[in-house]
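# Chains, contacts and geometry: an overview
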Amino acid sequence: MSKNHTIHGLRGLCALMVFVGHVISMSINGGYLTFNEHSTLVLAEIGVDVFFMISGYLIVQSLVKHGKVGQFFYNRFIRIYPVYLPLLITMFIVGPIIHFDWLANLTTSEYILNFVYGLLMLPGVFPLEEAVRNSRTLSYEFAFYLVSVIFFVSLRPLNNKYVKWILITIGLIISMAVIIRLPRALFFLTGVLAYFLSEKYNFLPSKFYSLLSLIIIYLATYFGDIYFSILLGVFFFYLVIKEQGYLSSVLKTKFFQYFGTLSYSFYLLHPFALFPFQRVMSKFNLPDFVSVSITFVGGLLIATVISHLSYELIENRFTNRFLKRKKISNVPHVPVPTPASAPQTTPVS
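A brief structural summary. Everything numeric in this text was worked out from a predicted model, so none of it was measured. (Residues numbered from 1 in each chain as written. Predicted model: local features only at pLDDT ≥ 70, side-chain atom pairs only at ≥ 80, totals over all residues. Heavy atoms only, no water.)

## Focus on a nonpolar patch on the surface
A surface patch of nonpolar side chains, amounting to about 580 Å² of accessible area, comprises Phe208, Tyr209, Leu212, Ile216, Phe228 and Tyr246. If you tally residues by element for the nonpolar patch, the top one is helix α8 (residues 209–222), at three residues. Inspection of the secondary structure assignment puts Leu212 in helix α8. Since its relative accessible area comes to 44%, Leu212 is described here as partly exposed. (Patch = residues over 30% accessible without salt bridge, like charges linked within 9 Å, V, L, I, M, F, W, Y side chains within 5 Å. Areas by Shrake-Rupley, 256 points an atom, 1.4 Å probe, with all protein chains shown as cover. Salt bridge = Lys/Arg side-chain N within 4 Å of Asp/Glu carboxyl O. Helix = DSSP H or I, 4+ residues; strand = E, 2+ residues; numbered from the N terminus. Buried < 20%, exposed > 50% of the residue type's maximum accessible area, 1.4 Å probe, protein only.)

## Quick word on the pattern of salt bridges
Oppositely charged side chains may form a pair once their charged atoms are brought near each other. Across all of its chains, the model carries six salt bridges by this definition. Arg184 is the salt-bridge partner of Asp49, the closest N and O atoms lying 2.5 Å from each other. One end of the pair, Asp49, is in helix α2 (residues 38–66); the other, Arg184, is in the loop between α6 (161–181) and α7 (187–200), with 135 residues separating them in the sequence. Taking relative accessible area as the criterion, Asp49 reaches 2% and is therefore assigned buried.

## Some words on empty space enclosed by the protein
Applying the stated criterion across every chain, the model contains one cavity of 30 Å³ or more. Looking at the largest cavity, its volume works out to about 60 Å³. Tyr84, Leu88, Gly118, Met121, Pro123, Glu129, Glu130, Ala131, Val132 and Ser135 together form the lining of the largest cavity. Partitioned by chemical class, the residues of the lining of the largest cavity number six nonpolar, two polar and two charged. (1 Å grid on protein atoms, 1.4 Å probe; cavity = no way out; pocket = protein on both sides within 12 Å on 5 of 7 lines; lining within 4 Å. Points joined across faces, edges and corners; volume = space filled by probe spheres on them. Nonpolar A, V, L, I, M, F, W, Y, C, P; charged D, E, K, R; others polar.)

## Concerning the packing of aromatic side chains
Applying the stated criterion across every chain yields a total of 27 aromatic pairs. Between Phe92 and Tyr111, the ring centres sit 5.3 Å apart and the planes meet at 85 degrees, which makes this aromatic pair edge-to-face. You can see Phe92 sitting in helix α3 (residues 69–97) and its partner Tyr111 sitting in helix α4 (residues 108–119), a full 19 residues away along the chain. For Phe92, a relative accessible area of 2% translates into the label buried. For Tyr111, a relative accessible area of 30% puts it in the partly exposed group. Connected via pairs of aromatic rings, a cluster forms that spans Phe19, Phe255, Phe256, Tyr258, Phe259, Phe266 and Phe296. (Phe/Tyr/Trp six-rings, centres within 6.5 Å; stacked < 30°, edge-to-face > 60°.)

## A look at the packing of α8 against helix α9 (residues 226–241)
Helix packing for two helices is described by the angle between their axes and how far apart those axes are. The geometry of α8 relative to α9 is characterised by a closest axis approach of 9 Å and an angle of 160 degrees between their N-to-C directions. Comparing the axis directions of α8 and α9 gives the class roughly antiparallel. For α8 against α9, the interelement crossing comes out left-handed. Across the interface between the two elements, Tyr209, Ser210, Ser213, Leu214, Ile216, Ile217, Ala220 and Thr221 from α8 touch Phe228, Ser229, Leu232, Gly233, Phe235, Phe236 and Leu239 from α9. Of the residues contributing to the contact of α8 with α9, the split by class is ten nonpolar, five polar and no charged. (Axes fitted to C-alpha atoms, helices over the stretch in contact; angles between N-to-C directions. Parallel < 35°, antiparallel > 145°, perpendicular 65-115°, else oblique. Left-handed = near helix turned anticlockwise from the far one by under 90°. Contact = heavy atoms within 4.5 Å.)

## Concerning the nonpolar core
Residues Leu10, Val50, Tyr84, Phe236, Phe237 and Leu268 are the most contacted members of the largest nonpolar core, which totals 82 residues. Residue contacts for Val50: discarding those within four places in its chain leaves Leu10, Cys14 and Phe236. (Core = buried A, V, L, I, M, F, W, Y, C linked by side-chain atoms within 4.5 Å.)

## Observations regarding α8
Each α-helix winds once per 3.6 residues, and so residues spaced three or four apart point in a common direction. Counted at 1.5 Å a residue, the expected span for α8 with its 14 residues is 20 Å, and the 19 Å between its end C-alpha atoms agrees. In the segment just after α8, Gly224 is the residue with positive phi, at about 90 degrees. (Expected span 1.5 Å × (residues − 1).)

## Looking at the layout of surface pockets
Its volume calculated, the second largest pocket comes out at about 960 Å³. If you trace the second largest pocket, you find 41 residues lining it, with His22, Glu130, Arg133, Asn134 and Arg136 closest to the centre. Grouping the constituent residues of the lining of the second largest pocket by class yields 22 nonpolar, ten polar and nine charged.

Functional significance is not addressed by these values, which are geometric in nature.
Here it is in structure tokens:
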């Protein structure tokens, strides 16, 4: 699959939208900002919503084009856990020591149970406490993976028609449970629909429409009409897939491509970068805008540095080079009777 640079840049934009929302919310919680955070909270929510769109699109694209369920789960596992697991372990070691939130007063059994819950990424889909901030969305990601695979398998030719209907029923039950728990999970379906539309049609309207659609989605969400945002999101993401419009040109710039590369690490790590500012800025008695500006700039710098290191050391070197090479080495060698063989590569979904 060829790389869609607009979607890649959109990841970076979404990560930064979530970051801005958390700068404001953590400044308020830190006691050095008095502000109605609804506008920035909506910004962060839309960042997460668009991440769901991207997931819906990429999951279906991967399953339809490759059709390998085992490989799909393997790729998802090695994409998510190598960054997430060290953070989870760190929180369960450091959290009780610094008396962080709900980790401060756990019994031994509660400590073990909550660690297992976090390890299985249950907080989010289930009403459980999360240790790693933002990780609740990963819980929904895994629910998306499971539902997508169930429906994908059910649509294949099966010898037993009852198995097909059992799978469809299970998929619908899980889908309804997730949507009831978090209606915004419907944005995953937005990405799925946009994928099938993009495969069938090639309608390209004015170059302003993608940016205009995103602005309208923000306004609709701001005023509480999430379902209109979901419907308009199909059109918006269709344009993103087609890499159409002025928004696409902006997202293809080096700035957003860079943050698109760091987006997963940045999404998980930026609360750690902002936390020290939340704890200490109120002690300096500075004007609100100065304290928030320091939090924003300092948090962005720290988050970018540690995300860059996380990407290079974990996502790039460890995940891509070690785990994927290991996967290739496990494939039995089949001799090919040719004078010379070309180097072998594997696609990275």
